[in-house]
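Listed below are the residues making up each chain.
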Amino acid sequence: MLLITCPWCGPRDETEYHYGGQAHVPHPENPAELTDEQWAEYVFYRDNAKGPFAERWSHSTGCRRWFNVVRDTVTNEVLAVYRLDEPRPQLPQAGGTR
Amino acid sequence: MTAEPLPEHPDFLWRNPEPRSSYDVIIVGAGGHGLATAYYLAKNHGITNVAVLEKGWLAGGNMARNTTIIRSNYLWDESAAIYEHALKLWERLPEELDYDFLFSQRGVLNLAHTLQDVREGVRRANANRLNGVDAEWLEPDEIAKVCPIVNVSSNTRYPVLGGTFQPRAGIAKHDHVAWALARRADELGVDLIQGCEVTGFLKDGDRVVGVDTNRGRIHAGRVGLAAAGHSSVLAERAGIRLPVQSHPLQALVSELHEPVHPTVVMSNHVHVYVSQAHKGELVMGAGVDSYNGYGQRGSFHVIEQQMAAAVELFPIFARAHVLRTWGGIVDVTPDASPIIGTTPVENLYVNCGWGTGGFKATPAAGWTFAHTLATGEPHPLNAPFALERFSTGALIDEHGAAAVAH
């Protein structure tokens, strides 16, 4: 069970949250101009990092707001939590020895 | 007191050779799929100058962590074709490999608990029969005959309204499957090299010509990736992206019990699947943990939920105990179907994206991936499972349609 700190509600169990996958994936500005390959890239391809990974979570049984988390996908250590209107924090090479 | 001398070590099932400087084909990953690929490269195509490189030990990843269920009752034609091909290969492999890995065709029940489940199950059973897959729809009283310990009373939160049954489905002893394939591949001349991690890819222009490993540089005519949860990590080293996400998938076993469970029961709706291993432990699994993870472990609430589901379905399990839980890393595609075929890099091929269902497909994954590596072209069975389908839109959407807890 992960322990995640909602920026508004504080630390809560993982079961209060809903996972939203990779963060910082902007909708294409002109979707009609994309090739099929570029559209596939937007719809189906996401980073699958082994190590620190910026991802979205929603506090779905609490305040119902979305926010971003940087989590190490090997150790599950939560390295940063930040709101959607905040930039991704610059972290030193977190997560240790990999 | 005099100690008995230790008995002689039994014969090893395969050699542990040093890597040579060059091979016709290198397969990355000595799990079930990598070993089956090597076996069929040698057997079907006569290609024996082959190395299987494994960063850990042979069959120590998902091949050691799955719940051993084998079935072919998938909805779509493309899926039914490849999984049924696998099931037919399973039926002859014990004799072909001269190794009894306890393949037991005890059937698989997929239970329905809602009207939507019933409609989906009836449709899938009909689709299966049109594809030559044995499947039938059972009413609750018929389910009670197949598996008397399932609670089919109406006095439950999610009553059993019926289910599909595939009699030829079943289970096999996963470790022994790997060892059987490894022994025969080794006999045919394949080098199985453990403790050998691929750290990079040698390229000549846009063509792969070998790999760098922690045990030196190895040249290769063709390279095939069969690395399951770590496919993305290897693809990145080769300079390509794959549309997969790696998730933890957990399973558990109880202590040993007398034989009480004659078949395999899966329930997508209450989210658990259960069989009883030959030795007697109850083996259970459920869906993936929601988040991405490479740590080979998941969250405990997932275990708690599948236990609750199991006890609801099987009241007799209420006094059983969880002996051990574990997790593997499964690579899941957007349409929950695998990717087997070419990549944008010449001479680099990929077999990945099997998600939660790779074990049952082991022989067919090996059969089709070996064909692809040997000829440079997909076999008709894996042609629909190309990477290109994500840009052409020809997806094979098995999410929720394949009676599997994804």
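Residues numbered from 1 in each chain as written. Chains lettered and ligands numbered in written order. Predicted model: local features only at pLDDT ≥ 70, side-chain atom pairs only at ≥ 80, totals over all residues. Heavy atoms only, no water.

Considering only enclosed or pocket space, the second largest pocket measures out at about 590 Å³ in volume. Of all the secondary structure elements, the ones that give two or more residues to the lining of the second largest pocket are strand E3 (18–22) and helix H1 (36–44) of chain A together with strand E12 (245–256) of chain B. Here the element with the most residues in the lining of the second largest pocket is E3(A); it accounts for four residues. For the lining of the second largest pocket, the residue count by class is 11 nonpolar, 12 polar and three charged. (1 Å grid on protein atoms, 1.4 Å probe; cavity = no way out; pocket = protein on both sides within 12 Å on 5 of 7 lines; lining within 4 Å. Points joined across faces, edges and corners; volume = space filled by probe spheres on them. Helix = DSSP H or I, 4+ residues; strand = E, 2+ residues; numbered from the N terminus. Nonpolar A, V, L, I, M, F, W, Y, C, P; charged D, E, K, R; others polar.)

Residue and element names in this part refer to chain B. Between helix H2 (residues 77–96) and helix H8 (residues 362–375), the shortest axis-to-axis distance is 7 Å and the interhelical angle comes to 105 degrees. Put simply, H2 runs roughly perpendicular to H8. The segment H2 lies against H8, with Ile-82, His-85, Ala-86, Leu-89, Trp-90, Arg-92 and Leu-93 engaging Thr-362, Pro-363, Ala-364, Trp-367 and Thr-368. Across the contact of H2 with H8, the residue classes break down as eight nonpolar, three polar and one charged. (Axes fitted to C-alpha atoms, helices over the stretch in contact; angles between N-to-C directions. Parallel < 35°, antiparallel > 145°, perpendicular 65-115°, else oblique. Contact = heavy atoms within 4.5 Å.)

This part covers the pairing of strand E14 (residues 272–276) of chain B. Residue and element names in this part refer to chain B. The buried fraction of E14 is high, at five of five residues. The two faces of E14 match: Val-272, Val-274 and Gln-276 on one face and Tyr-273 and Ser-275 on the other face are all buried. Two strands pair when backbone bridges link them, and strand E13 (residues 264–267) and E14 are joined in this way by three bridges, in the antiparallel orientation. When the sheet's bridge partners are listed, Met-266 is paired in E14 with Tyr-273. (Buried < 20%, exposed > 50% of the residue type's maximum accessible area, 1.4 Å probe, protein only. Pairing = 2+ DSSP bridges.)

Right, let's get into unusual backbone geometry. Residues and elements named next belong to chain B. Look at Ala-59: it is not a glycine, yet its phi comes out positive at around 55 degrees. Within the secondary structure, Ala-59 is located in the loop between strand E2 (50–53) and strand E3 (69–70). Phi at Asp-98 is positive, roughly 55 degrees, even though this residue is not glycine. The topology assignment puts Asp-98 in the loop between H2 and strand E4 (108–112). Taking the relative accessible area as the measure of exposure, Asp-98 reaches 58% and is therefore exposed.

Below, the discussion takes up the nonpolar core. Residue and element names in this part refer to chain B. With 52 residues, the main nonpolar core has Ile-27 and Phe-101 as its most contacted residues. Mapped onto this core, the elements with two or more residues apiece are strand E1 (22–28), helix H1 (32–45), E2, H2, helix H5 (174–187) and H8. Counting residues per element, this core draws most heavily on H2, which supplies seven residues. Grouped together as the second largest cluster of nonpolar side chains are 30 residues, Leu-225, Ala-238, Val-350 and Leu-387 included. (Core = buried A, V, L, I, M, F, W, Y, C linked by side-chain atoms within 4.5 Å.)

We now examine the environment of Gln194(B). All names here are of chain B. If you trace the backbone, Gln-194 turns up in the loop between strand E8 (191–193) and strand E9 (198–204). Along the backbone, Gln-194 and Asn-16 are 178 residues apart, and their C-alpha atoms lie at a distance of 7.5 Å. Excluding its chain neighbours within four sequence positions, the residues that come into contact with Gln-194 are Trp-14, Asn-16, Glu-54, Gly-56, Trp-57, Leu-58 and Arg-215. In this structure the side chain of Gln-194 is engaged in a polar contact, spanning 3.0 Å, whose partner is the side chain of Asn-16. (Polar contact = N/O pair within 3.5 Å; in protein donor to acceptor, adjacent residues only side chain to side chain.)

The next point concerns helix H3 (residues 115–130) of chain B. Residues and elements named next belong to chain B. With 16 residues, H3 extends 23 Å between its outermost C-alpha atoms, agreeing within 8% with the 22 Å of an ideal straight helix rising 1.5 Å per residue. Those residues of H3 that fall on the buried side of the exposure criterion are Asp-117, Val-118, Glu-120, Gly-121, Arg-124, Ala-125, Ala-127 and Asn-128. Residues of H3 that are buried sit in contact with E4, strand E5 (136–138) and strand E6 (162–166). (Expected span 1.5 Å × (residues − 1).)

Okay, the side chain of Lys360(B) next. Residue and element names in this part refer to chain B. Assignment of secondary structure puts Lys-360 in the loop between strand E18 (348–352) and H8. Despite its burial, Lys-360 pairs with no opposite charge; the closest candidate is Glu-398, at 9.8 Å N-O. Separated by 2.9 Å, the side chains of Lys-360 and Tyr-74 make a polar contact. (Lys, Arg positive; Asp, Glu negative; His and termini not counted. Salt bridge = Lys/Arg side-chain N within 4 Å of Asp/Glu carboxyl O.)

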